[in-house]
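Structural overview
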Amino acid sequence: MRAFAELFERLDATTSTKAKVAAMTAYFGSAPPADAAWVVFLLSGQRFKRLISTGDLRAALLESTDLPQWLFEECYASVGDLAETLALLGTAEGSSDPDDLPLSRWIEERILPLRDLDEQGKTAAVLSWWGALPRREAFLLNKVLTGGLRVGVSRTLVCRALAEVAGLEPADVAHRLMGDWTPSATAFEALIAPDAEANVHSRPYPFYLASPLEGDPGDLQGTLGDVGEWQVEWKWDGIRAQLIRRRGETFLWSRGEELITDRFPEIRDPAAHLPDGTVLDGEVLAWRDGAPLPFSVLQKRIGRRAPGRKILADAPVAFLVYDLLEQGGVDLRTEPLWERRRALEALLGDGPFLRSPEVTGVDWGELARLRGESRSRGVEGLMVKRRDSPYRTGRKKGDWWKWKVEPMHLDGVMIYAQAGHGRRSNLFTDYTFAVWRGDELVPVAKAYSGLDDGEIRELDRWIRRHTRERFGPVRSVEPEQVFELAFESIQRSPRHKSGIALRFPRIARWRKDKTPRQADTLEQVTTLLELYGAGGGGE
């Protein structure tokens, strides 16, 4: 357990992807296989079905410490994290665990058997653990028990670290983790074994990612040169994916290196007619009657591994292809884009897969005008690709650019604040904003990015002085502070009190020059919905 706690601290102390991968690589390279297997399980987003409720954990703490409920709630509100609050109040400072039981034994001999105990037995077990563990390890134990083990690490990063240890491609590791992977020493050793050839035919290529294109359209001639040197397409709002047909099998991989083949049978089944040795790069889109549907429709499909008849009808999808990476088993990525495009047109012909059409304009000014139509077309802007570019790896500037439509904006009043996580757990960094409906403020968005460190500290001090009510880690504040929010798109949402949802909301600026009554109204926001909401994007 101690080694895992040290790893968790290293991961929580940095926002650097490189540093996180390095920390995991060091751990996986030295940890016992049985422990490493459970760390893979936990860090890749898996969790145990509830073994003990958070209510029981609270009750156990209150019973053992004689703390009044109100004082616990005050502590929780100050700390902002339940697992940390329980560790601070339930363990003695400076305590140590001389046994340092391995993580695998902790999970297999202690944590998992909780499911077979009654409420009294569960409480007694947890209290005994709190009494023996150092505070750092008790905190980690609580994170595991509450299912809140989030430390800024994705399954993709875990695969990258394992690939570093094993000398494999990350996609090989991701493939081995598919399905019902059960943690064990044997399973971990198989995960990093060098013989990856058996799975190589299913592996996607590393994705080439575009860089943001900014600046005035009038300057693009000087920046990018003649518009004729560039292939311009719409920027589609879906799931980036590679469709692979090799050795008589079909594989659909998301950019996050997740195999999603069976989630989209309307893509998987026609792919059986592709020639063997074909790899297509494209976008999974919600699609009906020749046009994209809002991203919120596609979201209904993302979590369903085996969609039923109704969801297939309600949320139809299509695969829109924009590049050919392999043909007849030959890697085409070093060929110029115009040659890959020509080969793609010949390969697909009148088949079932759509091709991303080219957008033509006589100059950058005309393309800028067409970009302005993006929301009405259900797209996010334009993709600009150099015609003689190879298909590179990762995000390398120069050849592929994404020229997204300008975000929409509204002015909202902050009404709630919540403490952050990790290094910001002692600051209020997550905010809820509202707009006016008559004399009532209606929540319309949550945002946590956009302020600099100085502004966050200033706002945190203000929140503490102007709190109205407390609900655990959340505070209701005086409705006085106005913020300009930027967001990508707007969509109807019956799940929200306002009836709308904003996509990717973030703080554009703190409007200290505005009074709360100068914030926007729900009617004004609904006007944006009527203008742009039907075309694309989604929650």
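Residues numbered from 1 in each chain as written. Predicted model: local features only at pLDDT ≥ 70, side-chain atom pairs only at ≥ 80, totals over all residues. Heavy atoms only, no water.

1. Concerning the overall build of the chain
As a reminder, the rule being used: For the purposes of this entry, the term helix denotes a DSSP run of H or I that reaches at least four residues, the term strand denotes a run of E that reaches at least two, and both are numbered from the N terminus. Throughout, radius of gyration means the C-alpha value; the globule benchmark is 2.2 Å times the number of residues raised to the power 0.38. Three exposure classes are used, based on accessible area relative to the maximum for each residue type with a 1.4 Å probe and protein chains only: buried under 20%, partly exposed in between, and exposed over 50%. Any two residues whose heavy atoms approach within 4.5 Å are treated as being in contact. The protein chains shown are the only cover counted for residues, whose accessible areas, like all others here, come from Shrake-Rupley with a 1.4 Å probe.
What the chain contains, in helices and strands, is 21 helices and 22 strands. At 26 Å, the chain has a C-alpha radius of gyration in line with the 24 Å of a compact globule built from 539 residues. Taken over the C-alpha atoms alone, the chain extends approximately 75 × 65 × 45 Å along its principal axes. Counting across all 539 residues of the chain, residues that qualify as buried make up 51%. Of the contacts made within the chain by residues no fewer than 6 positions apart, 71% connect residues no fewer than 24 positions apart. Of the roughly 24900 Å² of accessible surface on the chain, a fraction of 48% belongs to carbon and sulfur atoms.

2. What about the packing of aromatic side chains?
Where two aromatic rings form a pair, the distance of their centres and the angle of their planes describe that pair. Which entries qualify depends on this criterion: Working definition: rings of Phe, Tyr and Trp (its six-membered ring) pair if their centres are within 6.5 Å, and the pair is stacked with planes under 30 degrees apart, edge-to-face with planes over 60 apart, and tilted otherwise.
Under the counting rule described, the total for this entry stands at 16 aromatic pairs. Note on Trp-38 and Phe-41: the rings are 5.3 Å apart at their centroids and 75° apart in plane angle, and the pair reads as edge-to-face. With a gap of three residues between them, Trp-38 and Phe-41 both fall in helix α3 (residues 33-43), about one helical turn apart. The burial state of Trp-38 is the same as that of Phe-41; both residues are buried. Centroid distance Tyr-208 to Tyr-391: 5.9 Å. Interplanar angle 75°. Geometry classified as edge-to-face.

3. Overview of the pattern of salt bridges
Rules: Put simply, a salt bridge is a Lys or Arg side-chain nitrogen that is within 4 Å of an Asp or Glu carboxyl oxygen.
Summed over the entire model, instances satisfying the criterion amount to 39 salt bridges. We note a salt bridge from Arg-517 to Asp-439, for which the minimum N-O separation is 2.8 Å. With Arg-517 in the loop between β22 (506-510) and α21 (522-533) and Asp-439 in the loop between β15 (428-437) and β16 (440-447), this residue pair connects regions lying 78 residues apart in the sequence. Relative accessible area serves as the criterion here: at 70%, Asp-439 is assigned to the exposed category. Each of the salt bridges in this network shares a partner with another, and the network as a whole consists of Arg-2, Glu-9, Arg-136 and Glu-137.

4. Notes on the nonpolar core
Put simply, the rule reads: Within this scheme, the nonpolar core is defined by two criteria: the residues are buried Ala, Val, Leu, Ile, Met, Phe, Trp, Tyr or Cys, and they are joined through side-chain atoms within 4.5 Å.
Grouped together as the largest cluster of nonpolar side chains are 81 residues, with contacts concentrated most on Met-24, Phe-28, Leu-43 and Phe-48. In contact with Phe-28, not counting residues within four places along its chain, are Ala-36, Val-39, Val-40, Val-158, Ala-161, Leu-162, Val-165 and Phe-188. Core analysis: the next-biggest nonpolar cluster, separate from the first, contains 30 residues, Leu-459, Val-477, Phe-487 and Trp-510 among them.

5. Digging into the sheet that holds strand β13 (residues 400-404)
Operational definition: Here, any two strands with at least 2 DSSP bridges between them count as paired. A fitted line through C-alpha atoms represents every axis, and for helices the fit uses only the stretch in contact; the resulting angles, taken between N-to-C directions, go from 0 to 180 degrees.
Spatially, four strands are ordered β2-β13-β11-β3 in an open sheet, and the strand pairing comes out mixed. The open sheet has two edge strands with one neighbour each: β2 (211-212) and β3 (230-234). Set on the sheet, helix α18 (residues 364-371) makes contact with β3, β11 (381-386) and β13; between it and β13 the angle comes to about 55°.

6. Things to note about the packing of helix α4 (residues 54-65) against helix α6 (residues 82-90)
Packed helix pairs are characterised by how far apart their axes lie and by the angle those axes make with each other. Heads up, the condition is: In these notes the angle categories are as follows: under 35 degrees is roughly parallel, over 145 is roughly antiparallel, 65 to 115 is roughly perpendicular, and the rest is oblique. Crossings are classed by handedness, with left-handed meaning an anticlockwise turn of the near helix from the far one by less than a right angle and right-handed meaning a clockwise turn. Here the term charged refers only to Asp, Glu, Lys and Arg, the term nonpolar to Ala, Val, Leu, Ile, Met, Phe, Trp, Tyr, Cys and Pro, and the term polar to all other amino acids, Gly among them.
At a closest axis distance of 10 Å, the pairing of α4 and α6 adopts a crossing angle of 20°. Between α4 and α6, the interaxial angle falls into the category roughly parallel. Every pair of crossing elements has a handedness; the one defined by α4 and α6 is left-handed. On the side of α4, the interface is formed by Thr-54, Leu-57, Arg-58, Leu-61 and Thr-65, while α6 contributes Leu-82, Leu-86, Leu-89 and Gly-90. Grouping the constituent residues of the contact of α4 with α6 by class yields five nonpolar, three polar and one charged.

7. Quick word on the packing of helix α2 (residues 17-30) against helix α10 (residues 155-166)
Between α2 and α10, whose axes approach to 8 Å, the crossing angle comes to 50°. Considered as vectors, α2 and α10 are oriented oblique to each other. Relative to α10, the crossing made by α2 is right-handed. Between α2 and α10, the residues in contact are Thr-17, Val-21, Met-24, Thr-25, Phe-28 and Gly-29 and Leu-157, Val-158, Arg-160, Ala-161, Leu-162, Glu-164 and Val-165, respectively. Taken together, the residues of the contact of α2 with α10 break down into eight nonpolar, three polar and two charged.

8. A look at the pairing of β3
Among the five residues of β3, five are classified as buried, and the element is accordingly described as predominantly covered. Alternating positions in β3 separate into two faces, Trp-230, Val-232 and Trp-234 on one and Gln-231 and Glu-233 on the other, with burial throughout. Across five bridges, the pairing between β3 and β11 is antiparallel. By the bridge assignment, Val-232 is partnered in β11 with Val-384.

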